[in-house]
Amino acid sequence: MSRPRRRGRYRLRGAASLVTAVLEAALTVPQATAVPPSEDACHTTADVMPRGDCGPFHQVFAEDFDGDVVPLGSFSDCDHDADTRNAHCGGLTGSYRADWWAYPRGWYDTAHPRNHSNGNDRVLGGEYRADDTVWVGPAADGDGRMHIRMYRPVSGGDLHVAAVVPRRVMRQTYGKYTARVRVVRAAPGYKSAWLLYGGGCEMDMYEQSWVDTVHFFHHPCDGRPQGGADTGRPFTEWHTVGLEWTPGLARYYLDGRLLLSDSRGVAARPLSWILQNESALYGAYAAPGSWAQMDITWVTAYTYTGGRAG
């Protein structure tokens with residue numbers, strides 16, 4: 001079954017000035033380089049997961065993966081009540097079964113020839129296989145993370161790709177969505193399109209090929225031309241990515257900076273947040289035997305309680 005996708009410097013003059021400057025420097029405590037304040041509602045810029053409500057948003061989900069182990073293979077048997085609030089993966093247990101779903105095996109990604117109705121002309125795509133690409137456990141430094149390692153078999157054929165879904169905000173109208181993420185190994189042919197999508201509406205908060213730079217795209221529900229922003233930052237750096245969706249406005253953030261704001265054709269219907277990772281829509285195809293990996297260190301999500309976000 002196919003599924004869519006998408007300090008200032010002194011200028012010294014003469015010996016007297018030099019002596020004065022040295023004395024002043026000895027008596028002055030150095031100032032740290034200023035960090036621009038975050039522009040998002042939670043003022044989130046770094047690796048500390050925000051906790052609690054912020055602005056007009058009520059936190060309903062916060063996962064930092066610390067202390068958790070979910071072995072490879074657990075995100076399996078996911079074709080239960082697919083794409084509904086009751087969707088779940090039979091291979092998961094406990095809080096992960098309650099909190100996460102994944103596109104099931106047998107669904108195909110945006111680039112796959114089975115999805116050519118989406119307007120692409122790729123001859124190679126991916127099959128969603130969270131069962132053999134996604135696990136949770138500590139990184140080498142002990143930080144708990146969700147790991148997503150996509151690959152193309154040595155024998156060739158479809159890539160094994162993964163789209164995971166926080167269940168707490170499935171089929172929700174308006175909200176705030178934030179995560180801390182890094183591609184720890186990039187390779188040609190792999191990409192992300194973290195998005196809210198449906199009914200001709202699409203908001204892409206973390207998209208493009210992993211060997212490119214992070215982009216945002218806003219696709220108005222009424223068919224007007226898309227809006228977009230190239231952040232200029234590589235996927236291989238740690239980033240806090242965020243989307244604030246309120247009535248008539250979508251705001252896209254990278255590391256606390258508002259880089260795209262669009263009020264055209266903003267969705268006013270229930271949508272799900274999809275952390276979609278798949279085969280690239282342009283450029284080189286993934287080579288047989290290649291692989292690429294993303295790590296996510298925390299994920300948070302919020303409902304919208306009314307009022308202004310900024």
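Residues numbered from 1 in each chain as written. Predicted model: local features only at pLDDT ≥ 70, side-chain atom pairs only at ≥ 80, totals over all residues. Heavy atoms only, no water.

Q: Give me the lowdown on the environment of Gly-306, citing residues and values where you can.
A: Assignment of secondary structure puts Gly-306 in the segment after strand E16 (291-304). Separated by 59 residues in the primary sequence, Gly-306 and Pro-247 have C-alpha atoms spaced 8.9 Å apart. (Helix = DSSP H or I, 4+ residues; strand = E, 2+ residues; numbered from the N terminus.)

Q: A description of the packing of aromatic side chains should follow, citing residues and the corresponding values.
A: For the structure shown, the criterion picks out 13 aromatic pairs. Between Trp-101 and Trp-107, the ring centres sit 5.9 Å apart and the planes meet at 80 degrees, which makes this aromatic pair edge-to-face. Between Tyr-177 and Trp-273, the aromatic rings sit 5.3 Å apart at their centres with planes inclined by 55 degrees, giving tilted as the arrangement. Taken together, the residues Tyr-177 in strand E7 (residues 175-185) and Trp-273 in strand E15 (residues 272-279) connect sequence positions 96 residues apart. Within the aromatic cluster, the residues linked to one another by ring pairs are Phe-57, Tyr-174, Trp-245 and Tyr-304. Seen from the ring of Trp-291, Arg-149 lies directly overhead, with NZ or CZ sitting 4.2 Å from the centre. (Phe/Tyr/Trp six-rings, centres within 6.5 Å; stacked < 30°, edge-to-face > 60°. Lys NZ or Arg CZ within 6 Å of the ring centre and 35° of its normal.)

Q: Please set out the nonpolar core residue by residue, giving values where relevant.
A: Ranked by internal contacts, the top residues of the largest apolar core, which has 68 residues, are Phe-75, Trp-100, Met-146, Trp-194, Tyr-206, Trp-273 and Ile-296. With six residues, strand E6 (residues 159-166) is the single largest residue contributor to this core. (Core = buried A, V, L, I, M, F, W, Y, C linked by side-chain atoms within 4.5 Å. Buried < 20%, exposed > 50% of the residue type's maximum accessible area, 1.4 Å probe, protein only.)

Q: Now, about empty space enclosed by the protein: what can you tell me, with residues and values included?
A: Roughly 30 Å³ of volume is contained in the largest cavity. Around the largest cavity sit Arg-122, Leu-124, Leu-159, Gly-189, Ser-279, Ala-280, Ala-284, Tyr-285 and Ala-286, which together line it. Its residues assigned to classes, the lining of the largest cavity comprises six nonpolar, two polar and one charged. (1 Å grid on protein atoms, 1.4 Å probe; cavity = no way out; pocket = protein on both sides within 12 Å on 5 of 7 lines; lining within 4 Å. Points joined across faces, edges and corners; volume = space filled by probe spheres on them. Nonpolar A, V, L, I, M, F, W, Y, C, P; charged D, E, K, R; others polar.)

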